[in-house]
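# Descriptive structure summary
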Amino acid sequence: MVDSFEEAVRQGFMMNSESTSSSRIVVGVDGSEPSKAALRWAVEQARVNGDAVDAVFAWESPTSWYGLTPPSDEEMRTYASRAQEVLDQAVEDALGPGSGRPVPLRSTAVQGHAAAVLIDAAAGAKMLIVGNRGRGEFREALLGSVSMHCAQHAPCPVVVMR
């Protein structure tokens, strides 16, 4: 199970050491249409600039167990595996099959809150790209949003795709 982007790099989930260089674009992918649009835009931007793309999916285990025991290590591994499958499917849906992609693309599913995971992953990146689910200004103000949090706290420029 991967608990942080840095741990993913250390454990070899990333293709090579370029994953921590500034020649990469990080994109948050959750399977939604806005995140797929963000991924397509990130790949085109990377192609033009000669960058790599890190597609990052953040997942969290269920937080409420209603008196039941929390998930076992085996169940957590299953959650992590399923998260990676969801990410891989979203990447394929957005870009097509893996062969012949115009840029190096790495995909990593990391356990944690989406905003925290993406901000972590964006350390040293050229840019962070996230989708916007379009909840509306009032609900976003009440609920907060990953894109807003990333825009305020990311260590690099942030693009929010509508």
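Residues numbered from 1 in each chain as written. Predicted model: local features only at pLDDT ≥ 70, side-chain atom pairs only at ≥ 80, totals over all residues. Heavy atoms only, no water.

### Overview of the packing of helix 4 (residues 114-121) against helix 6 (residues 146-153)
The description of two packed helices rests on the angle between their axes and on the distance between the axes. Two numbers describe how helix 4 lies on helix 6: the axes approach to 9 Å, and their chain directions differ by 35 degrees. Relative to helix 6, helix 4 is oriented so that their crossing is right-handed. Contacts from Ala114, Ala115, Leu118 and Ile119 in helix 4 reach Val146, His149, Cys150 and His153 in helix 6. For the contact of helix 4 with helix 6, the residue count by class is six nonpolar, two polar and no charged. (Axes fitted to C-alpha atoms, helices over the stretch in contact; angles between N-to-C directions. Helix = DSSP H or I, 4+ residues; strand = E, 2+ residues; numbered from the N terminus. Left-handed = near helix turned anticlockwise from the far one by under 90°. Contact = heavy atoms within 4.5 Å. Nonpolar A, V, L, I, M, F, W, Y, C, P; charged D, E, K, R; others polar.)

### Concerning the environment of Ala94
Of note, Ala94 is situated in helix 3 (residues 73-95). Placed 61 residues apart in sequence, Ala94 and Glu33 show a C-alpha to C-alpha distance of 8.6 Å. In this view, Ala94 contacts Lys36, Leu39 and Arg40; residues no more than four positions away in its chain are not counted.

### Side note on the packing of helix 2 (residues 33-49) against helix 3
Axis separation between helix 2 and helix 3 bottoms out at 9 Å; the angle between their running directions is 65 degrees. Between helix 2 and helix 3, the crossing angle belongs to the class labelled roughly perpendicular. The element helix 2 and its partner helix 3 pack so that their crossing is right-handed. Each of Lys36, Leu39, Arg40 and Val43 in helix 2 lies in contact with helix 3, whose residues at this interface are Ala90, Val91, Asp93, Ala94 and Leu95. By residue class, the composition of the contact of helix 2 with helix 3 is six nonpolar, no polar and three charged. (Parallel < 35°, antiparallel > 145°, perpendicular 65-115°, else oblique.)

### Considering the pairing of strand 4 (residues 127-131)
Sheet faces and side chains relate simply in a regular strand, where the side chains alternate between the two faces. Burial analysis of strand 4 places four of its five residues in the buried class, which makes it a mostly covered element. Direction of pairing for strand 1 (residues 24-28) relative to strand 4: parallel, over a ladder of three bridges. Residue pairing across strands places Val26 opposite Leu128, the latter belonging to strand 4. (Buried < 20%, exposed > 50% of the residue type's maximum accessible area, 1.4 Å probe, protein only. Pairing = 2+ DSSP bridges.)

### Quick word on the nonpolar core
Counting 25 residues, the largest nonpolar core has Val27, Val29, Leu39, Val53, Ala55, Trp59 and Ile129 as the members making the most contacts within it. For this core, the elements supplying multiple residues, two or more each, are strand 1, helix 2, strand 2 (52-59), helix 3, strand 3 (105-111) and strand 4. Examining the composition of this core, we find that seven residues originate from one element, helix 3, more than from any other. With sequence-adjacent residues up to four places away left out, Ile129 is seen in contact with Ile25, Val26, Val27, Gly28, Ala38, Trp41, Ala42, Val159 and Met161. The next biggest cluster of nonpolar side chains, apart from the first, holds 15 residues, and it includes Val26, Val110, Val117 and Ala121. (Core = buried A, V, L, I, M, F, W, Y, C linked by side-chain atoms within 4.5 Å.)

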